[in-house]
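Coordinate inspection notes
Chain by chain, the residues:
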Amino acid sequence: MRYFKPINSNIDFKKIKLQPEGEVIIRKLSDMVDMYQNQEAIKETLKENPIIYKFYNVKIPEDKGHLQHCISIVYPGKIGGEYYMTKGHFHKIKDTAEIYLTLKGRGKLVMQTPDNECKILEMKEGSISYIPPYWAHRTINIGKEPLIFFGVYRGDAGHNYGIIEKKVWL
Ligand code: PAN
Ligand code: ZN
């Protein structure tokens, strides 16, 4: 049997990046215009099209015995009164949970079930947040510094953004 080899990743808090980088996903305002309400503010801010957040996924096989893990960085800022936030998603395999450990910054972890039950948890340095199976999740930076957190979830969980993109949250 060929075993997947143990690996280390390191967070560089000065450069705010993961090493090795793995897969880096960068989301700018243009990638998520439907997530914000204020059309005027969106139009104005699109001229600069800032990076809202990025995340570094460590390269792990998408198998259920593995654990995907990643570092997310949500930058501070607002689009017409709404804080910078992640798109948010359900896991494709809906009954898979996730754990977030907040490393820096201040945020809110907004969650919602398919039955529209909502729950919001505080995110601050040292918070360990449990996202149970079935809950969609989105993070919002409510501070002045980048919000940095570490996430771990089942290897084959996958992401479903479609429902969130179509739905008005909270
Ligand atoms: C996180 C998120 C990450 C980016 O790793 O994927 O914070 O948010 P979006 O995926 O909503 O753009 C996670 O929850 N993974 O399952
Ligand atoms: Zn997730």
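Read on for a plain summary of the structure. Just so we're clear, the structure is a prediction, and the values are computed from it rather than from any experiment.

**With respect to the overall build of the protein**
The secondary structure content of the protein amounts to two helices and 13 strands. For 170 residues, the compact-globule estimate of 2.2 N^0.38 gives 15 Å, and the C-alpha radius of gyration of the protein, at 16 Å, lies within 12% of that figure. Counting only residues that meet the buried cut, the protein has 41% of its 170 residues in that class. Pairs at least 24 apart in sequence give 70% of the contacts found in the protein among residues at least 6 apart. Accessible surface, the protein as shown: approximately 10,000 Å² in total, 52% of it carbon and sulfur. Where the 26 positive side-chain charges of the protein centre and where its 20 negative ones centre are 3 Å apart.

**Details of the coordination of the zinc ion (ligand 2)**
For a metal with four tetrahedral donors the ideal donor-metal-donor angle is 109.5 degrees, whereas six octahedral donors ideally subtend 90 or 180 degrees. His89 (NE2), His91 (NE2), Glu98 (OE) and His137 (NE2) make up the full set of protein donors to the zinc ion (ligand 2), lying at 2.1 to 2.3 Å. Geometry at the zinc ion (ligand 2) is octahedral, judged from its six donor atoms and the angles of 76 to 177° they form at the metal. When the donors of the zinc ion (ligand 2) are listed by position in the chain, the intervening gaps give H-x1-H-x6-E-x38-H. Taken as a pair, His89 and His91 share a single burial class, namely buried.

**Quick word on the pairing of strand E9 (residues 106-112)**
Of all the seven residues making up E9, five are buried; the element is thus mostly covered by neighbouring parts of the structure. Bridging between E9 and strand E10 (residues 118-124) involves seven bridges; their strand directions are antiparallel. Paired with Arg106 across the bridge in E10 is Lys124. Linking E9 to E10, which pair antiparallel, is a turn of five residues; within it Asn116 sits at a positive phi near 70°.

**Quick notes on the pattern of salt bridges**
One pass over the full model with this rule turns up four salt bridges. Of the charged contacts, one joins Lys17 and Glu21 as a salt bridge, the two residues approaching to 3.3 Å between their closest N and O atoms. Given a relative accessible area of 34%, Glu21 falls into the partly exposed group. Across the pair Asp156 and Arg154 runs a salt bridge, and its minimum N-O distance is 2.7 Å. Classification of Asp156 as partly exposed rests on a relative accessible area of 22%.

**Points about the environment of Gly88**
Note that Gly88 resides in the loop between strand E7 (82-83) and strand E8 (98-104). Take Gly88: its relative accessible area is 3%, and that puts it in the buried class. With 50 residues separating them in the primary sequence, Gly88 and Arg138 have C-alpha atoms 4.1 Å apart. Once residues lying within four places of it in the same chain are set aside, the contact partners of Gly88 are His137, Arg138, Tyr161 and Ile164.

**A short note on the pairing of E8**
In this sheet, strand E11 (residues 128-131) lies alongside E8 in antiparallel orientation, the contact comprising four bridges. Bridge pairing links Ile99 to Tyr130 in E11.

**What about the sheet that holds strand E5 (residues 67-74)?**
The sheet built from six strands is open, its strands ordered E3-E4-E5-E13-E8-E11 with antiparallel pairing. Each edge of the sheet is formed by a strand with only one pairing partner; in this case those strands are strand E3 (23-28) and E11. Averaged over all pairs of adjacent strands, the angle between strand axes in this sheet comes to 20°, irrespective of strand direction.

Calculation criteria
- Residues numbered from 1 in each chain as written.
- Chains lettered and ligands numbered in written order.
- Predicted model: local features only at pLDDT ≥ 70, side-chain atom pairs only at ≥ 80, totals over all residues.
- Heavy atoms only, no water.
- Helix = DSSP H or I, 4+ residues; strand = E, 2+ residues; numbered from the N terminus.
- Rg over C-alpha atoms; globule rule 2.2 N^0.38 Å.
- Buried < 20%, exposed > 50% of the residue type's maximum accessible area, 1.4 Å probe, protein only.
- Contact = heavy atoms within 4.5 Å.
- Areas by Shrake-Rupley, 256 points an atom, 1.4 Å probe, with all protein chains shown as cover.
- Lys, Arg positive; Asp, Glu negative; His and termini not counted.
- Charge placed at Lys NZ, Arg CZ, Asp CG, Glu CD.
- Donors = N, O, S within 2.8 Å, 3.2 Å for Na, K, Ca; no water.
- Tetrahedral: all angles 85-135°; square planar, octahedral: opposite > 155°, others 65-115°.
- Pairing = 2+ DSSP bridges.
- Salt bridge = Lys/Arg side-chain N within 4 Å of Asp/Glu carboxyl O.
- Axes fitted to C-alpha atoms, helices over the stretch in contact; angles between N-to-C directions.

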